[in-house]
Amino acid sequence: MFRVMFHEPRIPPNTGNAIRMVAGTGCELHLVGPLGFDLSEPKLRRAGLDYHDLASVTVHENLEAAWTALQPDRVFAFTAHASTSYADLAYQPGDVLLFGPEPTGLAQEVLEDPHVTAQVRIPMVPGRRSLNLSNAAAVVTYEAWRQHGFAGGV
């Protein structure tokens, strides 16, 4: 339904958690390299538990390869520096929900990529840098899925 994209993720358990999340929601997870870990990393496997075989996970060498493979109509790039709230969007199946690496977030050149439809934020109280990557992806994915009546869910 929706395509969650992690650009250059660095922390294996976050990606493992996202694997469980996309398995539970019927979404796809796209990992854009270079990755900061190997997919066989024990912490990634542990966080994903037995959901790896139930999840759609694709690794792309770089962002250009991801765009070529996905041919997205809409890409929402999540950044603490945006003014539009994730809750103000009307999500459509096939949307790409793009999140940056844990220590830095998305680089300016990624935020300015012509494929990016809008820069979006998840509201927080003042003085906080960001949410955990897998938590942020789950918040947005569940809102997008909710808007479609949790299609396919029980």
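The structure displayed is predicted, hence computed values, not measured ones. (Residues numbered from 1 in each chain as written. Predicted model: local features only at pLDDT ≥ 70, side-chain atom pairs only at ≥ 80, totals over all residues. Heavy atoms only, no water.)

### Quick look at the UniProt feature "binding site: S-adenosyl-L-methionine" (unreviewed entry) in the chain
Per the UniProt record, the feature "binding site: S-adenosyl-L-methionine" (unreviewed entry) sits at Gly-100, Ile-122 and Ser-130. Across 31 residues, the annotated set stays spatially compact, with a maximum C-alpha separation of 13.5 Å. Residues from the annotated list that form part of the lining of the largest pocket: Gly-100, Ile-122 and Ser-130. Along the polypeptide, Gly-100 turns up in the loop between strand 6 (96-99) and helix 4 (108-111). The buried category is assigned to Gly-100, whose relative accessible area is 10%. With residues up to four places along the chain from it excluded, the contact list for Gly-100 reads His-7, Gly-105, Leu-106 and Leu-133. Checked against the element boundaries, Ile-122 lands in the loop between strand 7 (118-121) and helix 5 (133-146). Beyond its immediate chain neighbours, meaning those up to four positions away, Ile-122 contacts Tyr-86, Leu-131, Ala-136, Val-139 and Val-140. (UniProt positions renumbered as here; feature names shortened; annotations may be inferred. 1 Å grid on protein atoms, 1.4 Å probe; cavity = no way out; pocket = protein on both sides within 12 Å on 5 of 7 lines; lining within 4 Å. Helix = DSSP H or I, 4+ residues; strand = E, 2+ residues; numbered from the N terminus. Buried < 20%, exposed > 50% of the residue type's maximum accessible area, 1.4 Å probe, protein only. Contact = heavy atoms within 4.5 Å.)

### Side note on helix 5
End to end, helix 5 covers 20 Å across 14 residues, agreeing with the expected 20 Å (1.5 Å per residue, within 8%). Looking at helix 5, one finds that the buried residues are Leu-133, Ser-134, Ala-136, Ala-137, Val-140, Thr-141, Glu-143, Ala-144 and Trp-145. Close packing links the buried residues of helix 5 with strand 1 (3-7), helix 1 (12-25), strand 4 (75-78) and strand 6. (Expected span 1.5 Å × (residues − 1).)

### Quick look at the sheet that holds strand 4
Read from one edge of the open sheet, 7 strands run 3-2-1-6-4-7-5, paired in parallel fashion. Whereas interior strands pair on both sides, the edge strands pair on one side only; in this sheet they are strand 3 (56-60) and strand 5 (84-85). Relative to strand 7, strand 5 is paired through 2 bridges, and the arrangement is parallel. Bridged to Thr-84 within strand 7 is Val-120. Most of the contacts of helix 5 go to strand 6, to which it runs at about 160 degrees, and overall it touches strand 1, strand 4 and strand 6. (Pairing = 2+ DSSP bridges. Axes fitted to C-alpha atoms, helices over the stretch in contact; angles between N-to-C directions.)

### Remarks on the packing of aromatic side chains
Summed over all chains, the structure comprises 5 aromatic pairs. Summarising the aromatic geometry, the rings of Trp-145 and Phe-150 are spaced 5.1 Å apart at their centres and angled 85 degrees between planes, so their arrangement reads as edge-to-face. The class for Trp-145 is buried, based on a relative accessible area of 7%. An aromatic cluster of at least three residues, connected via ring pairs, comprises Phe-6, Phe-78 and Phe-99. (Phe/Tyr/Trp six-rings, centres within 6.5 Å; stacked < 30°, edge-to-face > 60°.)

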